[in-house]
Protein chains: 2
Amino acid sequence: MTEHHVLELERFLPYRLSILSNTISQAIAREYEQRFELSVTEWRVMAVLGRYEGLSAVDVAVRTAMDKVAVSRALTRLVQAGRVKRTLADRDKRRSVLALTSKGWKIYDQVAPAALEHERQLLSTLDAEERAWLEKILIKLGTEGIGAMNAAVTTR
Amino acid sequence: MTEHHVLELERFLPYRLSILSNTISQAIAREYEQRFELSVTEWRVMAVLGRYEGLSAVDVAVRTAMDKVAVSRALTRLVQAGRVKRTLADRDKRRSVLALTSKGWKIYDQVAPAALEHERQLLSTLDAEERAWLEKILIKLGTEGIGAMNAAVTTR
DNA sequence: GCTTTATAGTTTCATTTGAAACCATTTGCA
DNA sequence: TGCAAATGGTTTCAAATGAAACTATAAAGC
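Residues numbered from 1 in each chain as written. Chains lettered and ligands numbered in written order. Predicted model: local features only at pLDDT ≥ 70, side-chain atom pairs only at ≥ 80, totals over all residues. Heavy atoms only, no water.

Caption draft 1: Layout of the overall build of chain A. Scanning chain A from N- to C-terminus turns up 6 helices and 2 strands. Reading chain A from its N end, one meets helices and strands in the order α-α-α-α-β-β-α-α. In terms of C-alpha radius of gyration, chain A reaches 20 Å, well past the compact-globule figure of 15 Å for 156 residues. Considering only C-alpha atoms, chain A reaches an extent of 70 × 40 × 30 Å along its principal axes. Counting across all 156 residues of chain A, residues that qualify as buried make up 46%. Put simply, of all contacts in chain A between residues at least 6 apart along the chain, 47% involve residues at least 24 apart. (Helix = DSSP H or I, 4+ residues; strand = E, 2+ residues; numbered from the N terminus. Rg over C-alpha atoms; globule rule 2.2 N^0.38 Å. Buried < 20%, exposed > 50% of the residue type's maximum accessible area, 1.4 Å probe, protein only. Contact = heavy atoms within 4.5 Å.)

See the structure below:
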């Protein structure tokens, strides 16, 4: 009598989060991908450069949680397309100093508001109380929750 | 004086969900990827086959939210490795009928409990009230929220 | 029954991705 | 100073991925 410990994918939190996240990201990306010929990775790079000027490639990688190879490739395309300006830091010739060009800003100024509007629409289905809980829960999962998972593994 | 409508990635819900989801999935996958030489897609296929016997490849694709090419490839490897048995349906020779082999079950019986344990650890940082809200919010976002986003786009 | 259309699944090809190796510059320190 | 280790970034190579074309079988229309 084999009794198996069954996992129901559709109730499994990591799976549900993955589906939800991908569906949301795709919905937003659909908007700008063909319209501006902009990949998700490129957009993420532009997004942080719109927020913080003068970052290096590694800084961008940290802020976007992308790996540096992906950032390097995205930057190559963005510089190529005249959307980002790259110069070398005076004091450290390894580091690049990055900023959106005016062409880059023009795209940013169309994509960023659209993205925020999407977020607003998404959240419009939650009331204030639910949003507050969501905020709290996301923070908790990100800080303690993931730590708890990893701790359970690495101590084995 | 150009005033830009700035998007802060670290406060942007889609981005935060993406990071959270990827971090969680990676933490779990790390566990079984080398240990069983099992990719995430392969594991997802095995997970639904552990839950429902006799599905076809398309059925698996629907339940895992993967595309059928990915499922086809995962199945090729799983059958190859003797972890899944594939036969043809009598009434419809196009459809395959899939099931875990005993070898497949052995792996399932190790991976599924580990995955559930990870989920438990992750959720252990939330109290009952928070978990209830999370459940409610996830459902709401998945049903209404995504619809609201898409509606806002397609009516433009 | 025969032809068109739909469905299940695989293969092909081009693109994306990631890990590791790599080059250049800078930093630490004997 | 001078040499080892670290850091910023790019390139290379192999594997993963996705779209579209393709094969085989089944269902529908006439």
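From this point on, the discussion continues.
Caption draft 2: Up close: the interface of chain B and chain A. Counting residues at the interface gives 72 residues for chain B, matched by 72 residues for chain A. When residues of chain B are sorted by the area they lose upon contact with chain A, Leu-7, Trp-133 and Met-149 of chain B head the list and together hold 9% of the total. The closest approach of N and O atoms between Glu-135 of chain A and Arg-16 of chain B, which form a salt bridge, is 3.0 Å. Put simply, chain B and chain A have 20 residue pairs in polar contact (both at pLDDT 80 or more) between them. Among the elements of the structure, α1 (13-36), α2 (40-51), α3 (57-64), α5 (102-123) and α6 (128-154) of chain B are those that each provide at least two residues to the side of chain B that touches chain A. (Buried area = accessible area lost by both parts, 1.4 Å probe. Salt bridge = Lys/Arg side-chain N within 4 Å of Asp/Glu carboxyl O. Polar contact = N/O pair within 3.5 Å; in protein donor to acceptor, adjacent residues only side chain to side chain.)

Caption draft 3: Region of interest: the relation of the copies chain B and chain A. When chain B is fitted onto chain A, the two copies agree to an RMSD of 0.2 Å after a turn of 180° and an axial shift of 0.0 Å. Taken together, the turn and the small shift mark the pair as related by a two-fold rotation axis. In this assembly, 100% of the residues forming the interface of chain B have copies in chain A that are likewise at the interface, indicating an isologous arrangement. (Least-squares fit on C-alpha atoms with pLDDT ≥ 70 in both.)

Caption draft 4: Local environment of the domain arrangement of chain A. The assigned domain composition of chain A is domain 1 (9-125) and domain 2 (127-156). In this structure, domain 1 of chain A and domain 2 of chain A have C-alpha centres spaced 25 Å apart. (Domains from an automatic or database assignment.)

Caption draft 5: Summary view of the protein's contact with DNA strand D. In the vicinity of DNA strand D, 18 residues are found, and the nearest of them are Lys-68, Ser-72, Arg-94 and Ser-96 of chain A together with Arg-73 of chain B. Counting only atoms of DNA strand D within 4 Å of the protein, the sugar-phosphate share comes to 51%. Measuring from a phosphate oxygen of DNA strand D, one finds a backbone N or O atom of Ser-96 of chain A at 2.5 Å. Mapped by element, the contributors of at least two residues to the surface near DNA strand D are α3 (57-64) and α4 (68-80) of chain A together with α4 (68-80) of chain B. At 4 residues, α4 of chain A tops the list of elements feeding residues into the surface near DNA strand D. Of the residues in the surface near DNA strand D, the class split is 4 nonpolar, 3 polar and 11 charged. (Near = heavy atom within 4 Å. Nonpolar A, V, L, I, M, F, W, Y, C, P; charged D, E, K, R; others polar.)

Caption draft 6: Representation of empty space enclosed by the protein. The tally for this structure, following the rule as stated, stands at 4 cavities of 30 Å³ or more. When its volume is computed, the largest cavity comes out at roughly 140 Å³. In terms of lining, the largest cavity is formed by Ser-25, Ile-28, Ala-29, Tyr-32, Val-40, Trp-43 and Arg-44 of chain A together with Leu-9, Phe-12, Pro-14 and Tyr-15 of chain B. Counting residues per element, the lining of the largest cavity draws most heavily on helix α1 (residues 13-33) of chain A, which supplies 4 residues. Looking at the lining of the largest cavity, its residues break down into 9 nonpolar, 1 polar and 1 charged. Estimated volume of the second largest cavity: approximately 50 Å³. (1 Å grid on protein atoms, 1.4 Å probe; cavity = no way out; pocket = protein on both sides within 12 Å on 5 of 7 lines; lining within 4 Å. Points joined across faces, edges and corners; volume = space filled by probe spheres on them.)

Caption draft 7: Fine view of the pattern of salt bridges. Following the criterion strictly, the structure yields 18 salt bridges over all chains and no others. Close ionic contact of Glu-130 of chain A with Lys-136 of chain B constitutes a salt bridge, the shortest N to O distance being 3.9 Å. In this pair, Glu-130 of chain A is assigned in helix α6 (residues 128-154) and Lys-136 of chain B in helix α6, connecting two distinct chains. With a closest N to O distance of 2.3 Å, Arg-77 of chain B and Glu-42 of chain B form a salt bridge.

Caption draft 8: Examining unusual backbone geometry more closely. All names here are of chain A. Of note, the phi angle at Ala-65 is positive, near 60°, even though the residue is not glycine. Looking at the element boundaries, Ala-65 is found in the loop between α3 and α4. We classify Ala-65 as partly exposed; its relative accessible area is 48%.

Caption draft 9: Highlighting the nonpolar core. The biggest cluster of nonpolar side chains holds 96 residues, and the ones touching the most others in it are Trp-43 of chain A together with Trp-43 of chain B. Per element, the largest residue contribution to this core is 10 residues, and it comes from α1 of chain B. No fewer than three residues from each of domain 1 (9-125) and domain 2 (127-156) of chain A sit in this core. Among all residues touching Trp-43 of chain B, those that are not within four sequence positions of it are Leu-7 of chain A together with Tyr-32, Leu-38, Tyr-108, Val-111 and Ala-112 of chain B. (Core = buried A, V, L, I, M, F, W, Y, C linked by side-chain atoms within 4.5 Å.)

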